[in-house]
Amino acid sequence: MLHVLEAWPPINLTSLSFLFVFLPLSVAAFYLLPPKWRGKGLLAICAVFLFLVNPVWALVLIGLTLFNFVCGRLLARFDKRVWARRGVMALCAAVNLLVIVIVALPAQRGEAPFLLGFAVCPLLGLTAVGEFYRRETGPESDFYAFALHCLFFPRLYGGPFGRYGEFREKTNLSRQPGADLFEPLSLFVRGAFKVAVLGARLRDILGTIDALPAEQQTTLSAWSLVLVFGMALYFTLSGFCDMAAGLGGLFGIPMETGFFYPYQSRNLRNFALRFHGTLSKAVGEMVRGLFGDRAKETAVNILCTFLTGAVVGLWFRLDFSSLLWGVWIALFVVLERHLIGKALSAVPTALGRLYNLLVVVLSLPFLLRGAPWESLSLLRGMIPIGGASTTGGGGEHAYNAILYILSSNWLALALGVLLCTSLLHLGVVRLKESAPRVSKVVLRVVDLGMLVLITASLV
Amino acid sequence: MKVKTMKKIVFFGVLLLIPFFALFARYLYSGAYLQEVKEQPADFAQGLEGHLQASLPFSRSLRRLSLSIDLAGGKWEQDGIFISAAGLMRGLEPTMPQAVDVNTLAILEFAEDYQNEERRVYLAILPTASGVRQQNLPRFSSTANQRNFIESTYNRFSGAVTTIAVYNTLLDKRDQYIYCRTEDNLTALGGYYVYEQMLGRMLSSERSSLSQYDISYLQGDYHGDLYQAVPYGGVQPDTLMFYRYGEVGREYTVTKVGQDYRKVYHTLYPEFLGELGEPMDAYLGGMSPVTVINTNVPGQRRLLVFGDRTALAYLPFLANHYSEIVLLDVTDASSVFLEAAPMNYSQILFACGADTYMNSTAIATALSLTPQVFQ
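Position numbers for residues start from 1 in each chain and track the written sequence from start to end. Here the convention is simple: chains get letters from A, ligands get numbers from 1, in the order in which they are written. Note on the predicted model: pLDDT of at least 70 is required for a residue's local features to be given, and 80 or more for side-chain atom pairs to be given and counted; whole-chain, interface and lining totals, by contrast, use all residues. In computing side-chain values, all of the structure's heavy atoms are included and hydrogens and water are not.

A. Representation of the overall build of chain A within the structure. Helix and strand counts for chain A come out as 19 helices and 0 strands. This radius of gyration counts C-alpha atoms alone. The globule rule is 2.2 Å times how many residues there are, raised to the power 0.38. In terms of C-alpha radius of gyration, chain A reaches 23 Å, essentially the compact-globule figure of 23 Å for 459 residues. Overall, chain A is about 70 × 55 × 50 Å in size when its C-alpha atoms are taken along their principal axes. Type-normalised accessible area, obtained with a 1.4 Å probe on protein chains alone, sets the label of each residue: buried when under 20%, exposed when over 50%, and partly exposed for intermediate values. The buried share of chain A, reckoned over its 459 residues, is 53%. Each helix is a run of H or I in the DSSP string that is no shorter than four residues. Each strand is a run of E no shorter than two, and both are numbered from the N terminus.

Below, the structure is given as structure tokens:
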């Protein structure tokens, strides 16, 4: 399973301890501190959270962040020595990637748990050092600010990522609490609802369909498995990013979520920006940074797109199948850029969306299964052409099994499909335009309702 | 004081009150929370989460809300328990493929060794509620076909052991109150119908009628183990009833024997146990590894039963036909079996729920502990 869909330790962003103890105490402590101490105070809050989750791992993350900070300082020191700078950057990349690999491989084999932030903290540190290396951002001398960027606990679950320069520029820890806290709080609650209520139910359904014995697997169950996986992944990951962005807003650290209804994109280029866009952006910049100015050449640009796709795929899971997923998406991005882009922009919007959805859905088996042959087997189960289906053919009993799962979860599935589209979002926008005051009240009531449902799902 | 300052105070006050309310509202004076604080931070986090789950204000209402939403969303099965207007039913799926073979071979071997003209061996597999009330299960749901399972298992005993068919009887009576609505067991009435079939096969010369029994009630609002797992408010609570044989002068002694205890009740229904908070224990004193029922029924017929919790439903009726019945709870097999079981029996009955027979090797395990009884 992907690390973002794994069960997390007892205290996490969607636990009762966090919602009703840690969060209120943290926000109160943060705003009670004088503005000049808030950065350090927030870092201390992050450290407490990490220690509560896993003390040893917390020390590793802090150590890694210190290492990345030292790398950044060395880059500033070796300002004129090109090879020394390259060496520092290479060492920094090697150490951070090693940390990811060391945690991911045993966890993927089921021999160890996934550790909080193993795929986020090293990447945040590495991309920040990359910015220093490419001189896009000036050198950092404040360790606390750098550490806050890398160790801000809400984003350690799955992002969002972001440029260090923007973090430094936009962070405002000295503001006073007021009504403007409602918006980030609302974003946090929506994210928590996605993860703890909808995402959790979809992950349950996914597990149930996946556990169907071979003789009960049908074409319908194969499609259901892939579609439910797509929704579970979207709601879980985007929920974590919403929560992180909401909490960031609460503490004065603005962040993009990186998700905006990706499954209804009009093309794959659009999809790449709307499906964990901050990740592909961060990886893309890192990859292009390797090639410097040559990245603008067509051939190198294509190579960069494939490399970005591959790395993004590997970020989800370190195996060949996930790499293929990233390459598959990158292939269509390249095709759209260089071959079919104009033709696509001429087709009706609905057709474009259908094309995007089809390409994405057919790619999901590669992300779902850990081995390419298993992914292909699932694809063959979805498209039983010429009797090539690998399904068990258990007849009516097999169809009843999947129909039972679908019918006994119809509400979660229907809500999932609805929330994958921007219909509700458009409705809210319209309401805000036509009746701003009413919309405020309605949204607060909805937020409160969601908070109740989140709590109900956790007790 | 300025309005802005007031707002700030209210803001921080609310923030600080939330954890206070969550943590200490219920345990303010008990100090229970402090006992849960462990030295290790991770353990502390786990303890805190567990404590909040247990003690968060309105947690029961929130759980009900969560369940209601699940039901509205079509999820009429929770943790393997089906929810219907007729009651809660535990689903049954084969989870232990070799269990049926192991139990069947153990009984066949036992019958071969110990069955003779004076001592007959009987087998009754009792279907569970989900096997009989299939019309109440959600659409497309799948549970084991208990009718087929029981028939095919009985076929394997053909000629070796006398089987007692109860499935069709219970199916015919499925609209009556034969299964508990909140507990995974037969009601006393269901037990009576099972007993009727047993009587027909084991003591065909004797007759019994429901009119011979006086009915009394222990409580009408019993919520059993299934309800504890799935607190669905739409299910009607169970009514605990006793069927007392009307013949004057009938005396019973029920002896419960466990690893380190021995209790004696001079009634089939020690009602005071129900009043002490364990209503189901009012039937034969509840389950224990060995239960011995002695009666003043004329004659020396003795019955040994290898059973499970279903015995609580039918054994009070059978007690009126034997001078002694020994029930060995196969799901709680222990060395106590060796001490408690007497030597000579007229009949030996294997009677357990389809779930016990299908998904555990309890009968085989129990038999492996008992042969010395028959030496």
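B. The arrangement of the overall build of chain B in detail. Of the regular secondary structure elements, chain B holds 15 helices and 13 strands. Only the protein chains shown count as cover for residues, and all accessible areas are computed by the Shrake-Rupley method using a 1.4 Å probe. Put simply, chain B shows about 17400 Å² of open surface, and 51% of that area lies on carbon and sulfur atoms.

C. A look at the nonpolar core. Ranked by internal contacts, the top residues of the largest apolar core, which has 147 residues, are Phe 49 and Phe 316 of chain A. Among the elements that line this core, the one with the most residues is helix H9 (residues 219–250) of chain A, at 17 residues. Residues Val 166, Tyr 265, Ala 311 and Ala 364 of chain B belong to the second largest nonpolar core, which totals 97 residues. Only buried Ala, Val, Leu, Ile, Met, Phe, Trp, Tyr and Cys residues count toward a nonpolar core, and they belong to the same one when joined by side-chain atoms within 4.5 Å.

D. Focus on the interface of chain B and chain A. Any two residues having at least one pair of non-hydrogen atoms within 4.5 Å are treated as being in contact. Opposite the 37 residues of chain B that make contact, chain A presents 37 residues. Computed with a 1.4 Å rolling probe, the buried area is the accessible surface lost when two parts are put together, summed over both parts. Taking both sides of the interface into account, the surface hidden between chain B and chain A amounts to around 3000 Å²; carbon and sulfur atoms contribute 74%. The rule for a salt bridge is simple: a side-chain nitrogen of Lys or Arg has to be within 4 Å of a carboxyl oxygen of Asp or Glu. Inspection of the chain B/chain A interface yields 1 salt bridge. Two N or O atoms form a polar contact when they lie within 3.5 Å of each other; inside protein one atom must be a possible hydrogen donor and the other a possible acceptor, and for residues adjacent in sequence the pair counts only when both atoms belong to side chains. At the surface where chain B touches chain A, the tally comes to 7 residue pairs in polar contact (both at pLDDT 80 or more).

E. Seen up close, the pairing of strand E2 (residues 81–84) of chain B. All names here are of chain B. Burial of E2 is two-sided: the residues Ile 81 and Ile 83 facing one way and the residues Phe 82 and Ser 84 facing the other way are all buried. Any two strands are treated as partners once DSSP identifies two or more bridges connecting them. Relative to E2, strand E1 (residues 77–78) is paired through 2 bridges, and the arrangement is antiparallel. Note on E2: the bridge partner recorded for Gln 78 is Ile 81. Sheet topology places E2 next to strand E3 (residues 87–90); 4 bridges connect them, and they run antiparallel. Across the sheet, residue Ser 84 finds its bridge partner in E3, namely Gly 87. Adjacent in sequence and paired antiparallel, E2 and E3 are bridged by 2 residues.

F. Helix H12 (residues 298–316) of chain A, seen in detail. If you check H12 of chain A, its first and last C-alpha atoms are 27 Å apart, about what 19 residues at 1.5 Å a residue would give, namely 27 Å. Taken together, the buried positions of H12 of chain A are Val 300, Asn 301, Cys 304, Thr 305, Thr 308, Gly 309, Ala 310, Val 312, Gly 313, Trp 315 and Phe 316 of chain A. Under the convention used throughout, the expected extent of a helix is 1.5 Å for every residue step, that is, one less than its residue count.

G. Focus on the sheet that holds E3 of chain B. Strand order in the open sheet formed by 3 strands is E1-E2-E3 (chain B), with antiparallel pairing between adjacent strands. In this open sheet, the two strands that pair with only one neighbour each are E1 and E3 of chain B.

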